[in-house]
Structure formats: structure tokens, C-alpha cells
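Single-letter residue listing:
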Amino acid sequence: MIRRRFLAATVALLAAPFAATAEPVEFTPGIVQEHLAAGETVFLDFKATWCTTCAAQERVIDALKAENPAYEEQITFVNVDWDDYGRHSFTRDLNVPRRSTLVVLRGEEELGRIVAQTGRDEIKALMDTALNAGM
């Protein structure tokens, strides 16, 4: 039994560098504060599964991540489900007006945001702001 666990752990460690992309963190109360306290740059994506603007933003974000692995290496991406947390105190405290809002945080500071924009240039600029903050 111990041998199987050892082999499984070894395979997982060897495969980790070849894993596709890191999955975004799903929002739960307190998770953003934990990542910020750890000195991470956090990219918040307020979205809903039924939102076409959110889906368009997600396609751009995924394409940019595929082009530049540094985004996922340096930035913690957090998905905030609008249907579950749109009226939550965290969302209200950040003055997030609607789903399809992207916000970058570092420490106690908001570094940037875009609302309902799906343009590659705007989203890339926000992601670059997050990337540069983490370096």
C-alpha cells in the first residue's frame, strides 16, 4: 500500500510541470484575503454562467494565458460567481457594479478594473498590470 502511494506521488510530481494550465480559484469568503496576505496579486473575475459578456472575457483571458505562462505563474486568478456572491459584502465593499467585472488587487490596493469590456487589448493591459505588480 505504501509503495502504491509513493509511486502515485512520484508520478504526480513528475507530471506537474507538464500540466496544462492552473485552474482559477473559486471564490469563498476569506479566500482573497488569504492570497493577498501571502503577497500574491489577485485577478478577480466576477462572472455568471449565463452571461455572454463573461464568456467572451473568459475566452480572451484563456487565450492570453496560453500565450504567456507567466500570467498563471505570477497571478492568482479567482472566479467570483455572481449568482452566489453578487450581493455579498465582499462584492459590495469593492463597489463591483455587475457581473463581467474584472478587478486586480495587490495588498490593500486596487490596481485596475474593467467592466463589461471584452476587447483583447483592454484585458491584456489589465493582466499586464497584474503581472508587473507581481514582479
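Please refer to the structure placed before this passage.
Figured I'd write up the structure that's included with this text. No experiment lies behind these values; they were computed from the predicted model shown.

For the protein, the count of helices and strands is seven helices and five strands. Secondary structure elements in the protein, listed N-terminal to C-terminal, are α-β-α-β-α-α-β-α-α-β-β-α. For the protein, the proportion of its 135 residues judged to be buried stands at 37%. Intrachain contacts of the protein at a sequence separation of at least 6 include 70% that bridge at least 24 residues. Carbon and sulfur atoms make up 54% of the accessible area of the protein, which totals about 8,100 Å².

Taking 1.5 Å of rise per residue, the 14 residues of helix 7 (residues 120-133) would be expected to cover 20 Å, and the 20 Å separating its terminal C-alpha atoms lies within 8% of that figure. Within helix 7, burial applies to Ile123, Leu126, Met127, Ala130 and Leu131. For helix 7, the angular spread of the buried residues around the axis is 140°, confining them to a single face. Exposed and oriented more than 90 degrees from the buried face of helix 7 are Asp121 and Asn132. Each element contacted by the buried residues of helix 7 is listed here: strand 2 (41-47), helix 3 (52-67), helix 4 (70-74), strand 3 (75-81), strand 4 (101-106) and strand 5 (109-115).

So, on to the side chain of threonine 91. Positionally, threonine 91 belongs in helix 6 (residues 89-93). Judged by relative accessible area, which is 1%, threonine 91 ranks as buried. Of the polar contacts made by the side chain of threonine 91, one reaches the backbone oxygen of tyrosine 85; its length is 2.6 Å.

Before going further, it helps to spend a moment on the pairing of strand 3. Where burial is concerned, most of strand 3 is hidden: six out of the seven residues are buried. Summarising the sheet, strand 1 (residues 25-26) and strand 3 pair through two bridges and their orientation is parallel. What sits directly across from valine 25, in strand 3, is valine 78. Here strand 2 runs beside strand 3; their pairing, made up of seven bridges, is parallel. Note on strand 3: the bridge partner recorded for lysine 47 is aspartate 81.

What counts and what doesn't
Residues numbered from 1 in each chain as written. Predicted model: local features only at pLDDT ≥ 70, side-chain atom pairs only at ≥ 80, totals over all residues. Heavy atoms only, no water. Helix = DSSP H or I, 4+ residues; strand = E, 2+ residues; numbered from the N terminus. Buried < 20%, exposed > 50% of the residue type's maximum accessible area, 1.4 Å probe, protein only. Contact = heavy atoms within 4.5 Å. Areas by Shrake-Rupley, 256 points an atom, 1.4 Å probe, with all protein chains shown as cover. Expected span 1.5 Å × (residues − 1). Arc of directions from axis to C-beta. Polar contact = N/O pair within 3.5 Å; in protein donor to acceptor, adjacent residues only side chain to side chain. Pairing = 2+ DSSP bridges.

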